[in-house]
Amino acid sequence: MKISRRPYLRQLEAETVVVHTRDGASIRGVLIAAYADVYVLRAAAYLSDDAAPVAIDGETLIPLTRVAFIQRLIGGEEE
């Protein structure tokens, strides 16, 4: 899929990232698209300090207004 309107995200297409939200939640998944108003993750999991990651079925849509920053995972950091 083409990532649009954010050319710097093309390098992250189909890579595992962690999206950190403004309310403190973190979601790990494969970034498959970035639109003007939403990021789309596949094979996502909700991350928590207190427990193991919780898998999220289907595709996860994260509104851009909720995103604090995106972290690219390199190598063995996906565990």
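In this report, we go over the structure that sits alongside the text.

Conventions used here
- Residues numbered from 1 in each chain as written.
- Predicted model: local features only at pLDDT ≥ 70, side-chain atom pairs only at ≥ 80, totals over all residues.
- Heavy atoms only, no water.
- Helix = DSSP H or I, 4+ residues; strand = E, 2+ residues; numbered from the N terminus.
- Buried < 20%, exposed > 50% of the residue type's maximum accessible area, 1.4 Å probe, protein only.
- Areas by Shrake-Rupley, 256 points an atom, 1.4 Å probe, with all protein chains shown as cover.
- Contact = heavy atoms within 4.5 Å.
- Core = buried A, V, L, I, M, F, W, Y, C linked by side-chain atoms within 4.5 Å.
- Pairing = 2+ DSSP bridges.
- Salt bridge = Lys/Arg side-chain N within 4 Å of Asp/Glu carboxyl O.

1. Some remarks on the overall build of the protein
- The secondary structure content of the protein amounts to zero helices and six strands.
- Along the chain direction, N to C, the helices and strands of the protein fall in the order β-β-β-β-β-β.
- Counting every position in the protein, which comprises 79 residues, the buried fraction comes to 38%.
- Approximately 5000 Å² of the protein is accessible, and the part contributed by carbon and sulfur atoms is 51%.

2. Description of the side chain of Thr 60
- Along the polypeptide, Thr 60 turns up in strand S5 (residues 59-63).
- When neighbours within four sequence positions are excluded, Thr 60 is seen to be in contact with Tyr 39, Val 40, Leu 41 and Ala 44.

3. Some thoughts on the nonpolar core
- Counting residues in hydrophobic clusters, the biggest one holds eleven residues: Val 17, Val 19, Ile 27, Leu 31, Ala 34, Tyr 39, Leu 41, Ala 44, Ile 62, Leu 64 and Val 67.
- The set of elements that each furnish at least two residues to this core consists of strand S1 (16-21), strand S2 (26-34) and strand S3 (38-47).
- Not counting residues up to four positions away in its chain, the partners in contact with Ile 27 are Val 17, Val 18, Val 19, Leu 41, Ala 44, Ala 45, Tyr 46, Ile 56 and Ile 62.

4. Points about the pairing of S3
- In this sheet, S3 lies alongside S2 in antiparallel orientation, the contact comprising seven bridges. Across the sheet, Leu 31 pairs through a bridge with Leu 41, a residue of S3.
- Between the antiparallel neighbours S2 and S3 lie three residues.
- Note that S3 and S5 share five bridges and pair antiparallel. Bridge pairing in S5 links Val 40 to Leu 61.

5. Some thoughts on the pattern of salt bridges
- Summed over the entire model, instances satisfying the criterion amount to three salt bridges.
- Among the salt bridges present, the one from Arg 72 reaches Glu 15, with a minimum N-O distance of 2.8 Å. Here Arg 72 is found in strand S6 (residues 67-72), whereas its partner Glu 15 is found in the segment before S1, with 57 residues between them in sequence.
- Note that Glu 59 and Arg 42 form a salt bridge whose closest N and O atoms lie 2.4 Å from each other. On the criterion of sequence distance, the pair formed by Glu 59 in strand S5 and Arg 42 in strand S3 is long-range, its members being 17 residues apart.
- When its relative accessible area of 40% is taken as the criterion, Arg 42 is described as partly exposed.

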